[in-house]
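The lines below spell out each chain.
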Amino acid sequence: MKQSKQQVTSKVVPFTGEFYPEAPEPTPASNNIAAFLVMIAAALVSGLSLGAIATYQSADQVQLRQMKAQSQQLEQVKIQVCK
């Protein structure tokens, strides 16, 4: 397999005849929009996750989970007693 190399072009400086390689022109930064959208998406995801954690650990949710566990235990006791 042959690998092609980029040819370096030279520029002749007038009056001296010296050769200087031309520097390639920098490509325009088109990734700025993509990077910005990625940052916004990351901020949105982190905000949603922090909100979910705060909701899960709230006092009302903890109390609700405890009440559900107690209700399940009560149902098991009822089943055992009524047999």
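Procedures and definitions
- Residues numbered from 1 in each chain as written.
- Predicted model: local features only at pLDDT ≥ 70, side-chain atom pairs only at ≥ 80, totals over all residues.
- Heavy atoms only, no water.
- Helix = DSSP H or I, 4+ residues; strand = E, 2+ residues; numbered from the N terminus.
- Buried < 20%, exposed > 50% of the residue type's maximum accessible area, 1.4 Å probe, protein only.
- Salt bridge = Lys/Arg side-chain N within 4 Å of Asp/Glu carboxyl O.
- Phe/Tyr/Trp six-rings, centres within 6.5 Å; stacked < 30°, edge-to-face > 60°.
- Lys NZ or Arg CZ within 6 Å of the ring centre and 35° of its normal.
- Patch = residues over 30% accessible without salt bridge, like charges linked within 9 Å, V, L, I, M, F, W, Y side chains within 5 Å.
- Areas by Shrake-Rupley, 256 points an atom, 1.4 Å probe, with all protein chains shown as cover.

Enquirer: Which residues make up the overall build of the chain, and what values go with them?
Expert: Each helix and strand counted, the chain has two helices and two strands in total. The order of helices and strands in the chain, counted from the N terminus, is β-β-α-α. The buried share of the chain, taken over its 83 residues, is 0%.

Enquirer: Quick rundown of the pattern of salt bridges? Include the residues and the values.
Expert: Taken as a whole and judged by the stated rule, the model has one salt bridge. Here Glu 75 ties to Lys 78 by a salt bridge, and the two come within 3.9 Å at their closest N and O atoms. Here Glu 75 pairs with Lys 78, and both are found in helix 2 (residues 59-82), just three residues apart, close to one helical turn.

Enquirer: Just give me the short version of the packing of aromatic side chains, but keep the residues and values in it.
Expert: Overall, the coordinates contain zero aromatic pairs when judged by the stated rule. The ring of Tyr 56 is capped by Arg 65, whose NZ or CZ atom sits 3.9 Å from the centre of that ring.

Enquirer: A description of a nonpolar patch on the surface should follow, citing residues and the corresponding values.
Expert: Together, Ile 33, Phe 36, Leu 37 and Ile 40 make up an exposed nonpolar region whose accessible area comes to about 430 Å². On the secondary structure map, Ile 33 appears in helix 1 (residues 31-56).

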